[in-house]
Amino acid sequence: MAKKISIVVSVYNEEQGLNQFYDHTCPILEAAVAAADWDYELIFVNDGSRDNSLDLLKGFATKNPKVKVVNFAANRGHEAAMIAGIDISAGDGVVCMDADLQHPPEAIPEIIAKFDEGYDVISMVRTARADAGLFKKITSAAFYKVMNKMSKANFENNSSDFFGISRRVALVLKKDYRERVRFLRGYVQNVGYKKTTLEFKASARVAGQSNYNLRALVKLSLNAICNFSDAPLKMGIYAGLLSLAFSLILIIYSIVQYFLGNAPDGYSTLVVLISFMFGILFIILGFISEYLAIIFAEVKNRPIYIVDSIITSEGEERC
Ligand code: UDP
Ligand code: MG
C-alpha cells in the first residue's frame, strides 16, 4: 500500500487567501504524491475563525474527499491547531504549514524525498523572509541565541512552524507532549531520531494580515524559555550573592567613613540601593510567577483544544 502524507494547515481568519492557498497547493501536492507513489490527506484545522474561512473549508471538503476539516469550538492558537492536526493525522509523514502561502508547498516533493530516505524530522529553515523587518530579524536571531545558551536542548536558528515529522515522531507528540504551555517546534527539534534540515524562502502573506502581534511573540518566547530552561529560576541565587558582596563592600566603607569622622551621605546611598534591590527582586519574582502560572495551567489539566465538528466529503460530524 502506498505511503500517505498528511498536510496539516492551521487556519485563523484566512478567508482572503484560502482559495488561493487551495488552488495553488492541491495541484503541487497531487503531482508530488503521484511522482513519489504516495497518497495524501489535507487536514485543515479551523482555529475558531470569525470570518468566512469555515465555509470555504467546507467547500474544499465537499469537492475533495482527501480534505478533512477539524473545526475548533473556539480559538486556541496556532500551536493548538497544529497539535489537533497531528492528532488526527493518519499519514506516514506529517507536514505542518501555514495557510497564507508563506510556507511554499513547492517544498513538499523535497520533504517526501527526505521521508523516503528515512528521516524522521525535517526542519524547514528560512533563508529569507519577505515580510519581516529588521527588528523581527534581529529579535528572532537573538532569541535563538539566548535559548541555546540557556537550555540543554538545541534550537535551529530561523526554524519555523513549517516542518515534517514521521509517524513515530507524531506518535510521541500525540502521547507524551501534551503540555498546555508549550513550544511545539522546540519539541520537534529535540525528540531525537534522524533529523535533517531543508531551506526555504518565506514569501510575503498572500492576503490578510499576520495574527501574531508583538505581545503574542513575547508570550511565545517566554513560554519557550520557561519550558526548556530553569535558568531564570536560579537567577535569585546569583542576584543574592551579588547583592551580598555589594552590601559587604558598602558596610566596610561606611564603618571606615564613620571612624574617619565623615559620615557618608545616607540619602543617595539608600535611594540607589533600594531601587536597585527592588528592581532585581521584582524581576526574580516575575520569573517565579511565570513558572507558577505554567504549573497552574498544567495542574488544571484542561484540554489543549475543543473540537466542535469534523467535516469530510461525507458530511459533518459533531463532536
Ligand atoms: N493561526 C492560527 N491560530 C491563531 C493565529 C494564527 O491557527 O490564533 C494560523 C494562521 O491562520 C496561519 C498560521 O497560524 O496559517 C500563522 O499565522 P500568521 O501568518 O498570522 O503568523 P506569521 O506568519 O506572521 O508568523
Ligand atoms: Mg504568516
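The structure we're discussing is the one just above.
So, how was this worked out
- Residues numbered from 1 in each chain as written.
- Chains lettered and ligands numbered in written order.
- Predicted model: local features only at pLDDT ≥ 70, side-chain atom pairs only at ≥ 80, totals over all residues.
- Heavy atoms only, no water.
- Helix = DSSP H or I, 4+ residues; strand = E, 2+ residues; numbered from the N terminus.
- Rg over C-alpha atoms; globule rule 2.2 N^0.38 Å.
- Buried < 20%, exposed > 50% of the residue type's maximum accessible area, 1.4 Å probe, protein only.
- Contact = heavy atoms within 4.5 Å.
- Areas by Shrake-Rupley, 256 points an atom, 1.4 Å probe, with all protein chains shown as cover.
- Lys, Arg positive; Asp, Glu negative; His and termini not counted.
- Charge placed at Lys NZ, Arg CZ, Asp CG, Glu CD.
- Core = buried A, V, L, I, M, F, W, Y, C linked by side-chain atoms within 4.5 Å.
- Near = heavy atom within 4 Å.
- Polar contact = N/O pair within 3.5 Å; in protein donor to acceptor, adjacent residues only side chain to side chain.
- Donors = N, O, S within 2.8 Å, 3.2 Å for Na, K, Ca; no water.
- Axes fitted to C-alpha atoms, helices over the stretch in contact; angles between N-to-C directions.
- Parallel < 35°, antiparallel > 145°, perpendicular 65-115°, else oblique.
- Left-handed = near helix turned anticlockwise from the far one by under 90°.
- Patch = residues over 30% accessible without salt bridge, like charges linked within 9 Å, V, L, I, M, F, W, Y side chains within 5 Å.
- Salt bridge = Lys/Arg side-chain N within 4 Å of Asp/Glu carboxyl O.
- Phe/Tyr/Trp six-rings, centres within 6.5 Å; stacked < 30°, edge-to-face > 60°.
- Lys NZ or Arg CZ within 6 Å of the ring centre and 35° of its normal.
- Pairing = 2+ DSSP bridges.

Peer 1: Please clarify how the overall build of the chain should be interpreted in this entry.
Peer 2: When its secondary structure is counted, the chain shows 10 helices and nine strands. In terms of overall dimensions, the chain is more spread out than a globule: its C-alpha atoms have a radius of gyration of 25 Å, far above the 20 Å expected for 319 residues. A principal-axis box enclosing the C-alpha atoms of the chain has dimensions of 90 × 40 × 35 Å. Going through the 319 residues of the chain one by one, you find that 42% of them count as buried. Across the chain, every contact between residues at least 6 apart in sequence was considered, and the portion connecting residues at least 24 apart equals 82%. Accessible surface computed for the chain: about 16,800 Å², of which carbon and sulfur atoms make up 60%. Taken together, the 34 basic and 34 acidic charged side chains of the chain have centroids lying 5 Å from each other.

Peer 1: Would you take a moment to explain the nonpolar core for this structure?
Peer 2: The nonpolar side chains of a soluble globular protein tend to be buried with one another. Residues Ile5, Ile7, Val9, Leu42 and Phe44 are the most contacted members of the largest nonpolar core, which totals 38 residues. Here this core takes seven residues from helix α1 (residues 15-36), the largest share from any one element. Not counting the four nearest positions on each side in its chain, Ile7 is found in contact with Leu29, Glu41, Leu42, Ile43, Val95, Met97 and Ile108. Core analysis: the next-biggest nonpolar cluster, separate from the first, contains 34 residues, Met82, Val121, Phe163 and Leu220 among them.

Peer 1: Just to check I follow, could you spell out the site of ligand 1 for this structure?
Peer 2: Of all residues adjacent to ligand 1, which total 16 residues, the nearest are Glu14, Asp47, Gln102, Ser210 and Asn211. At 2.7 Å from an oxygen atom of ligand 1 is found a main-chain nitrogen or oxygen belonging to Ser10. At 2.6 Å from an oxygen atom of ligand 1 is found a side-chain nitrogen or oxygen belonging to Glu14. Its free accessible area being 530 Å², ligand 1 has 90% of it covered by the protein chains.

Peer 1: Please explain the coordination of the magnesium ion (ligand 2) as it appears in this structure.
Peer 2: When a metal holds four donors in a tetrahedron, each ideal angle between them is 109.5 degrees; when it holds six in an octahedron, the ideal angles are 90 or 180 degrees. Every protein donor of the magnesium ion (ligand 2) is accounted for by Asp100 (OD) and Gln102 (OE1), and the metal-donor separations fall at 1.9 Å. Overall, the relative accessible area of 3% leaves Asp100 in the buried class.

Peer 1: What am I meant to see in the packing of helix α5 (residues 134-150) against helix α8 (residues 214-228) here?
Peer 2: When two helices pack together, their arrangement is given by the angle between the helix axes and the distance between those axes. The geometry of α5 relative to α8 is characterised by a closest axis approach of 10 Å and an angle of 10° between their N-to-C directions. Relative to α8, the element α5 lies roughly parallel. When you trace α5 past α8, the crossing you get is right-handed. Where α5 abuts α8, its residues Phe135, Lys136, Phe143, Met147 and Met150 lie against Leu214, Leu217, Ser221, Ala224, Ile225 and Phe228.

Peer 1: Even after reading the chapter, I still don't get a nonpolar patch on the surface, so can you show me in this structure?
Peer 2: Together, Leu270, Ile274, Phe278, Leu281, Phe282 and Leu285 make up an exposed nonpolar region whose accessible area comes to about 610 Å². As for its position among the elements, Leu281 is in helix α10 (residues 266-300). A relative accessible area of 48% means that Leu281 is categorised as partly exposed.

Peer 1: Whenever I open this one, the packing of aromatic side chains confuses me. Can you help?
Peer 2: Within a pair of aromatic rings, the relevant descriptors are the distance that separates the centres and the angle that separates the planes. Tallying each qualifying case throughout the model produces 15 aromatic pairs. Between Phe162 and Phe200, the aromatic rings sit 5.1 Å apart at their centres with planes inclined by 85°, giving edge-to-face as the arrangement. Of the two residues, Phe162 is situated in strand β6 (residues 159-166) and Phe200 in strand β7 (residues 195-202); the sequence distance between them amounts to 38 residues. Each member of the pair, Phe162 together with Phe200, is buried. Geometrically, the ring pair formed by Phe183 and Phe228 is edge-to-face, given 6.5 Å between the ring centres and 80° between the ring planes. Of this pair, Phe183 sits in the loop between α6 (167-176) and α7 (184-190) while Phe228 sits in helix α8; the two residues are 45 residues apart in sequence, bridging distant segments of the chain. Using a relative accessible area of 1% as the deciding quantity, one classes Phe183 as buried. In this structure, Lys66 is placed above the aromatic ring of Tyr40, and the distance from its NZ or CZ to the ring centre is 5.6 Å. Lying across the ring of Tyr119, Lys194 places its NZ or CZ 4.5 Å from the centre.

Peer 1: For this particular structure, what's the right way to read the environment of Lys194?
Peer 2: As for its position among the elements, Lys194 is in the loop between α7 and β7. For Lys194, a relative accessible area of 41% corresponds to the partly exposed category. The spatial distance from the C-alpha of Lys194 to the C-alpha of Asp120 is 5.3 Å, given a sequence separation of 74 residues. Dropping the residues within four chain positions of it, Lys194 is found in contact with Glu117, Gly118, Tyr119, Asp120 and Val121.

Peer 1: So what exactly am I meant to see when it comes to the sheet that holds strand β9 (residues 315-318) here?
Peer 2: Across the sheet, which stays open at both edges, the nine strands sit in the order β7-β5-β6-β4-β1-β2-β3-β8-β9 with mixed pairing between neighbours. Where the open sheet ends on each side, the last strands, each with one partner, are β7 and β9. The mean inter-strand angle of the sheet, taken between neighbouring strand axes irrespective of direction, is 20°. Judged from the four bridges that link them, strand β5 (residues 121-129) and β6 form a sheet pairing that is antiparallel. The residue bridging Ser123 from the neighbouring strand is Phe163, located in β6.

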